[in-house]
Amino acid sequence: LDLASVGNISLEDAAGIVSSTLAQFNLGAEDASQVVDILAQGANASRADIAGLAESLKNSGANASLTGVSLKDMVAALGVMSNAGQDGAENRTKLNSDLVSLTTNATAKDTLEKLGVSLYDSGAKMKDLDTIIDDLNTSMKGMSQEEQISTIKDLGGTYGMTALAALLMKNGTDQMNAAMDKA
């Protein structure tokens with residue numbers, strides 16, 4: 001696998017990473033090359049490495065898939081976090097915490113309603129992560145710093161707020177996705 005050479009990891013580890021990622025995102029074996037490409041692009045476009053991305057996906061991949069976040073958007077979000085100095089599996093678990101909080105926490109749901117932000121499109125399908133982040137940024141314009149911090153905490157919880165803050169400060173994942181497309 002090319003992932004082994006890009007990630008400077010063994011073929012066995014590369015195969016394990018690909019098979020785990022395929023399973024987490026309900027992808028078939030025919031999607032293996034796409035998984036390799038996305039992980040390699042994410043590592044090349046950010047401070048993250050293949051092993052770190054794989055470890056992060058172990059902590060968050062299944063919930064990302066469940067909520068409709070694509071592998072590419074998840075890797076882009078992890079790349080944004082890595083570039084913001086949030087390395088390591090625990091820090092990236094915070095992104096998983098955000099996904100769970102945004103979709104299930106009553107306080108987060110109330111806050112989203114107050115902000116006028118919906119996670120779902122008119123067909124009840126979850127919007128892509130970058131659109132949600134853009135909508136949140138738009139809705140928080142004009143807020144004081146104190147209000148922004150309180151809102152981010154209400155949305156992501158105490159544990160997940162650092163991940164959400166990193167994504168909000170970088171205006172989502174569109175720049176990382178563009179960098180990944182060039183990598």
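Residues numbered from 1 in each chain as written. Predicted model: local features only at pLDDT ≥ 70, side-chain atom pairs only at ≥ 80, totals over all residues. Heavy atoms only, no water.

J.: Report on the packing of helix 3 (residues 32–45) against helix 10 (residues 174–182), specifying residues and quantitative values.
T.: For the pair helix 3 and helix 10, the least separation of the axes is 8 Å and the interaxial angle reads 110°. When the axis of helix 3 is compared with that of helix 10, the two are roughly perpendicular. Residue-level contacts link Ile-38, Gln-41, Gly-42 and Ala-45 of helix 3 to Met-176, Ala-179 and Met-180 of helix 10. The residue makeup of the contact of helix 3 with helix 10, split by class, is five nonpolar, two polar and no charged. (Axes fitted to C-alpha atoms, helices over the stretch in contact; angles between N-to-C directions. Helix = DSSP H or I, 4+ residues; strand = E, 2+ residues; numbered from the N terminus. Parallel < 35°, antiparallel > 145°, perpendicular 65-115°, else oblique. Contact = heavy atoms within 4.5 Å. Nonpolar A, V, L, I, M, F, W, Y, C, P; charged D, E, K, R; others polar.)

J.: Summarise empty space enclosed by the protein; cite the residues concerned and give the values.
T.: It is the rolling of a water-molecule-sized probe over the atoms that shows where space remains empty. Here the structure, examined in full by the defined rule, presents one cavity of 30 Å³ or more. In this model, the largest cavity occupies a volume close to 40 Å³. Taken together, Leu-95, Asp-98, Leu-99, Leu-102, Leu-129, Ile-133, Leu-164 and Leu-167 form the lining of the largest cavity. Elements represented by at least two residues in the lining of the largest cavity include exactly helix 6 (89–104), helix 8 (129–140) and helix 9 (145–169). Top contributing element to the lining of the largest cavity by residue count: helix 6, with four residues. In the lining of the largest cavity, the residues fall into seven nonpolar, no polar and one charged. (1 Å grid on protein atoms, 1.4 Å probe; cavity = no way out; pocket = protein on both sides within 12 Å on 5 of 7 lines; lining within 4 Å. Points joined across faces, edges and corners; volume = space filled by probe spheres on them.)

J.: Could you give an account of unusual backbone geometry, with specific residues and numbers?
T.: Of note in the backbone geometry, Asn-8 takes a positive phi value of approximately 55° without being a glycine. Its place among the elements puts Asn-8 in the loop between helix 1 (2–7) and helix 2 (11–24). Residue Asn-8 is classed as exposed on the basis of its relative accessible area of 72%. In the Ramachandran plot, Asn-171 falls in the positive-phi region, its phi being about 55° despite a non-glycine side chain. Summarising the element assignment, Asn-171 is placed in the loop between helix 9 and helix 10. (Buried < 20%, exposed > 50% of the residue type's maximum accessible area, 1.4 Å probe, protein only.)

J.: Pulling in residues and values, what's your account of the packing of aromatic side chains?
T.: A full pass over the atoms with the stated rule returns zero aromatic pairs. Taking NZ or CZ as reference, Lys-94 lies 5.5 Å from the ring centre of Tyr-159, over its face. (Phe/Tyr/Trp six-rings, centres within 6.5 Å; stacked < 30°, edge-to-face > 60°. Lys NZ or Arg CZ within 6 Å of the ring centre and 35° of its normal.)

J.: Please set out the side chain of Ser-101 residue by residue, giving values where relevant.
T.: Along the chain, the position of Ser-101 falls in helix 6. Among the polar contacts listed, one links the side chain of Ser-101 to the backbone oxygen of Leu-155, at a separation of 2.8 Å. Beyond its immediate stretch of four places on either side in the chain, Ser-101 contacts Ala-108, Leu-155, Gly-156 and Gly-157. (Polar contact = N/O pair within 3.5 Å; in protein donor to acceptor, adjacent residues only side chain to side chain.)

J.: Lay out the nonpolar core in plain terms, naming residues and giving numbers.
T.: Among the nonpolar cores identified, the biggest contains 48 residues, and Leu-3, Leu-39, Leu-57, Met-74, Val-75, Leu-95 and Leu-136 are the most heavily contacted of them. Tallying contributions element by element places helix 5 (residues 71–83) first for this core, with eight residues. Once residues within four sequence positions are removed from consideration, Met-74 is found in contact with Phe-25, Leu-57, Ser-60, Ala-64, Val-69, Leu-95 and Leu-99. (Core = buried A, V, L, I, M, F, W, Y, C linked by side-chain atoms within 4.5 Å.)

J.: Which residues make up helix 5, and what values do they have?
T.: With 13 residues, helix 5 should cover 18 Å at 1.5 Å per step; its first-to-last C-alpha distance of 18 Å lies within 8% of that length. Of all the 13 residues making up helix 5, 11 are buried; the element is thus mostly covered by neighbouring parts of the structure. Turning to helix 5, its buried residues are Leu-71, Asp-73, Met-74, Val-75, Ala-76, Ala-77, Leu-78, Gly-79, Val-80, Met-81 and Ser-82. One or two residues past the end of helix 5 sits Gly-85, with phi positive at roughly 90°. (Expected span 1.5 Å × (residues − 1).)

J.: A description of helix 7 (residues 106–115) should follow, citing residues and the corresponding values.
T.: Of all the positions in helix 7, only Ala-108, Thr-111, Leu-112 and Leu-115 are classed as buried. Buried residues along helix 7 cover an arc of 100° about the axis, so they all sit on one side. Exposed residues pointing more than 90 degrees away from the buried face of helix 7 are listed as Ala-106, Glu-113 and Lys-114. Two to three positions downstream of the cap, the backbone nitrogen of Thr-107 sits 2.7 Å from a side-chain oxygen, assigning the N-cap of helix 7 to Asn-105. (Arc of directions from axis to C-beta.)

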